[in-house]
Amino acid sequence: MSTLLRVAEGGDVEASDLSAGVPDASGLDPDERDALVELQLWIEDRDIHQGETNYTRFKREWMRDRLAVLRDRSVRKS
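A brief look at the structure comes next. All values reported here derive from a predicted model rather than from experimental measurement.

## Some thoughts on the packing of helix α3 (residues 30-44) against helix α5 (residues 53-77)
Right, so step 1: Packing of α3 against α5 brings their axes to within 10 Å, and their N-to-C directions diverge by 160°. The orientation of α3 relative to α5 falls into the category roughly antiparallel. Every pair of crossing elements has a handedness; the one defined by α3 and α5 is left-handed. Between α3 and α5, the residues in contact are Asp31, Glu32, Asp34, Ala35, Glu38, Leu39, Leu41 and Trp42 and Thr56, Lys59, Arg60, Trp62, Met63, Arg66, Val69, Leu70 and Arg73, respectively.
Right, so step 2: In terms of residue class, the contact of α3 with α5 is built from eight nonpolar, one polar and eight charged.

## Here we look at α3
Right, so step 1: With 15 residues, α3 should reach 21 Å at 1.5 Å per residue; the first-to-last C-alpha distance of 21 Å fits that figure.
Right, so step 2: Buried within α3 are the following residues: Ala35, Leu36, Glu38, Leu39, Trp42 and Ile43. Down the axis of α3, the sector holding all buried residues measures 155°, keeping them to one side. Exposed positions of α3 whose direction lies more than 90 degrees from the buried face are Pro30 and Glu44.
Right, so step 3: Of the surrounding secondary structure, the elements contacted by the buried residues of α3 are α1 (2-8), α2 (15-21), α4 (46-51) and α5.
Right, so step 4: Residue Asp29 occupies the N-cap position of α3, its side-chain oxygen lying 3.0 Å from the main-chain nitrogen of Asp31.

Quick notes on the rules
- Residues numbered from 1 in each chain as written.
- Predicted model: local features only at pLDDT ≥ 70, side-chain atom pairs only at ≥ 80, totals over all residues.
- Heavy atoms only, no water.
- Axes fitted to C-alpha atoms, helices over the stretch in contact; angles between N-to-C directions.
- Helix = DSSP H or I, 4+ residues; strand = E, 2+ residues; numbered from the N terminus.
- Parallel < 35°, antiparallel > 145°, perpendicular 65-115°, else oblique.
- Left-handed = near helix turned anticlockwise from the far one by under 90°.
- Contact = heavy atoms within 4.5 Å.
- Nonpolar A, V, L, I, M, F, W, Y, C, P; charged D, E, K, R; others polar.
- Expected span 1.5 Å × (residues − 1).
- Buried < 20%, exposed > 50% of the residue type's maximum accessible area, 1.4 Å probe, protein only.
- Arc of directions from axis to C-beta.
- Polar contact = N/O pair within 3.5 Å; in protein donor to acceptor, adjacent residues only side chain to side chain.

Listed below in structure tokens is the structure:
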């Protein structure tokens, strides 16, 4: 969640960040997998989001939505 938050708030992520944070994605639940996929797409689309402000804004908003889902889920579990 910290990497997702970092990107949602204007930061960036590298592939090495993801592989260090999630060495085995097979154990992720669907919500976590969705968030991971979005971060992977962010990395792959770096050239697009560096030049397209609307795209960047949309993707960061989507990440904030994913973050809200993950936070809401953790609140329900407690």
